[in-house]
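# Breakdown of the fold
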Amino acid sequence: MKILVVRHGRTNWNDLNKVQGLVDIELNEEGKSQAKITAEKLKNEKIDLIISSPLTRTKQTAEIVRDGRVIDIIFDDRLKERDYGEFEGLTKEIFKFPDFWTYSKNIKYEKAENIQDFFGRVFEFLDELKMNKQYEEKTVLLVIHGGVSVAISAYFEGLPEEGEPTKNVMKNCEIREFYL
């Protein structure tokens, strides 16, 4: 199975460098434009199914990238961004962002989702997708968030090195390709 992964387009919170987990933010005009460019890049790609996070920024990106083609979009909660809890809306400099993303530390927070639980739900989704014989010879497009891109990279390439927990984060509307 070929897996194409696209991170959602830019939002106003991306522009302000605020972390956005489960807060349901829409794409801004630049984000919509990025999604249209991504649709153009993927126009000759045979995509059999789109699976997206149900949050607005990913839904909008998925719909724009689909670009009028008849492709089902399935929404899966396991592709939602990591719950930033008490850190939602803060800039990365205000809290210990590298610690928050260091898998080996697995810090438990009052409200925020801990890293190993977050990776676990994304890994579970990918394991289930891999086992689904219906998609064995298909191309599946995942429309996801920056944090989910870190977990997906860890699934295929191994856990990030200490001190660089988010080095594999995708840029807005970047496309990556993997095989299951």
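Coordinates for the structure precede this section.
Keep in mind that this is a model prediction, so the values were computed, not measured. (Residues numbered from 1 in each chain as written. Predicted model: local features only at pLDDT ≥ 70, side-chain atom pairs only at ≥ 80, totals over all residues. Heavy atoms only, no water.)

### Points about the overall build of the protein chain
A tally of regular secondary structure across the protein chain gives six helices and five strands. Computed over its C-alpha atoms, the radius of gyration of the protein chain comes to 16 Å, within 12% of the 16 Å expected for a compact globule of 180 residues. With respect to the principal axes defined by its C-alpha atoms, the protein chain has extents near 45 × 35 × 25 Å. Among the 180 residues that make up the protein chain, the fraction classed as buried is 51%. Sequence separation of at least 24 residues holds for 72% of the intrachain contacts in the protein chain that already meet a minimum separation of 6. Accessible area of the protein chain: about 8,900 Å², with a carbon and sulfur share of 46%. Charge centroids of the protein chain, computed over 28 positive and 33 negative side chains, lie 2 Å from each other. (Helix = DSSP H or I, 4+ residues; strand = E, 2+ residues; numbered from the N terminus. Rg over C-alpha atoms; globule rule 2.2 N^0.38 Å. Buried < 20%, exposed > 50% of the residue type's maximum accessible area, 1.4 Å probe, protein only. Contact = heavy atoms within 4.5 Å. Areas by Shrake-Rupley, 256 points an atom, 1.4 Å probe, with all protein chains shown as cover. Lys, Arg positive; Asp, Glu negative; His and termini not counted. Charge placed at Lys NZ, Arg CZ, Asp CG, Glu CD.)

### A word on helix 3 (residues 56–66)
All buried positions along helix 3 are accounted for by Arg-57, Thr-58, Gln-60, Thr-61, Ala-62 and Val-65. Packed against the buried residues of helix 3 are strand 1 (2–7), helix 2 (29–41), strand 2 (49–52), strand 3 (73–75) and strand 4 (139–144). The positive-phi residue at the C-terminal boundary of helix 3 is Asp-67, with phi of around 50 degrees.

### Observations concerning the pattern of salt bridges
What the rule picks out here adds up to 15 salt bridges. A salt bridge links Lys-2 to Glu-45, with the nearest nitrogen and oxygen atoms 2.7 Å apart. Of this pair, Lys-2 sits in strand 1 while Glu-45 sits in the loop between helix 2 and strand 2, and the two are 43 residues apart along the sequence. A salt bridge links Glu-124 to Arg-78; the nearest nitrogen and oxygen atoms lie 3.3 Å apart. (Salt bridge = Lys/Arg side-chain N within 4 Å of Asp/Glu carboxyl O.)

### Considering the packing of aromatic side chains
Both the distance between ring centres and the angle between the ring planes are used here to describe each pair of aromatic rings. For the structure shown, the criterion picks out 18 aromatic pairs. Both rings, one in Phe-97 and one in Trp-101, keep their centres 6.4 Å apart while their planes meet at 55 degrees; by these two values the pair is tilted. The residues Phe-97 and Trp-101 share a single accessibility class, namely buried. Between Phe-100 and Trp-101, the aromatic rings sit 6.0 Å apart at their centres with planes inclined by 75 degrees, giving edge-to-face as the arrangement. A single burial state applies to Phe-100 and to Trp-101, both of which are buried. The cationic tip of Lys-59 hangs over the ring face of Phe-75; the distance from NZ or CZ to the ring centre is 5.3 Å. Above the ring of Trp-101, the side-chain terminus of Arg-82 is found at 4.9 Å from the ring centroid. (Phe/Tyr/Trp six-rings, centres within 6.5 Å; stacked < 30°, edge-to-face > 60°. Lys NZ or Arg CZ within 6 Å of the ring centre and 35° of its normal.)

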